[in-house]
Amino acid sequence: QVQLVESGGGLVQAGGSLRLSCAPSGRTSSRYAMGWFRQAPGKERESVAAISRNGDNTYYSDSVKDRFTISRDNAKITVSLQMNSLKPEDTAVYYCAASTTSYFGSYYSDHYNYWGQGTQVTVSS
C-alpha cells in the first residue's frame, strides 16, 4: 500500500508562487507515474500536470502551461509542482496521485491508483 502526503499549500496573492511537494511512503515513487489534480468548490476534479516514471515526459493542462512545472527527484522520492504567476482561478484543493498502470502519466483520474489527502491553495486577488 502506498500513502501519498502533500505539503506546501497555503495562501498567496495573485502573481505569487507556491511549491507543492508529494512524498510517497511505503514504496519509492520511481515505480509510478505521478500526477497533480485539483478541485475547486462546486467543480469537478481536473488534471493539472503529470510526469512519467523516469521524469523524461511531462504534461500540463492548458490552464497552467507555462506557469506550473512538475518535477520529480527519484533519489529523494518526491514529486513537486512549482506554481508561478498564480491566479485567483487556481484556488482549489490540490491532490497528488500515483499510477501503477501508466508509464508516461495520464490526464485521467481513473488511471491513478493512489491519492493524497489534498492540500489547499488559495490565491487572493
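The present account deals with the structure reproduced in this document. Please read these numbers as outputs of a predicted model, since none were measured by experiment.

**So, the state of the cysteines**
So, step 1. For the coordinates displayed, the defined rule picks out 1 disulfide.
So, step 2. Covalent S-S linkage joins Cys 22 and Cys 96, the inter-sulfur distance amounting to 2.0 Å. Residues Cys 22 and Cys 96 are joined through a disulfide that is left-handed, its torsion about the S-S bond being -75°. Of the two residues, Cys 22 is situated in strand E3 (residues 18–25) and Cys 96 in strand E9 (residues 92–99); the sequence distance between them amounts to 74 residues.

**A short note on the pairing of strand E1 (residues 3–7)**
So, step 1. Alternating residues of E1 divide into Leu 4 and Glu 6, all buried, and Gln 3, Val 5 and Ser 7, none buried.
So, step 2. Of the strand pairs in this sheet, E1 and E3 are connected by 5 bridges, and their pairing is antiparallel. Bridge assignment links Ser 7 to a residue of E3, and that residue is Ser 21.

Rules used throughout
Within every chain, residues take consecutive numbers counted from 1 along the sequence as written. Per-residue local features are limited, in this predicted model, to residues with pLDDT of at least 70; the limit for side-chain atom pairs, both in listing and counting, is 80 or more; totals at the level of whole chains, interfaces and linings are taken over all residues. Note: side-chain values were computed over all heavy atoms of the structure, leaving out hydrogens and water. The term disulfide is used for any two cysteine sulfur atoms that are within 2.5 Å. Runs of E in the DSSP output that reach at least two residues are strands. Runs of H or I that reach at least four are helices, and both are numbered from the N terminus. Throughout, exposure labels follow a simple rule: accessible area from a 1.4 Å probe, protein chains only, divided by the maximum for the residue type, with under 20% read as buried, over 50% as exposed, and the rest as partly exposed. Two strands qualify as a pair provided DSSP detects at least 2 bridges between them.

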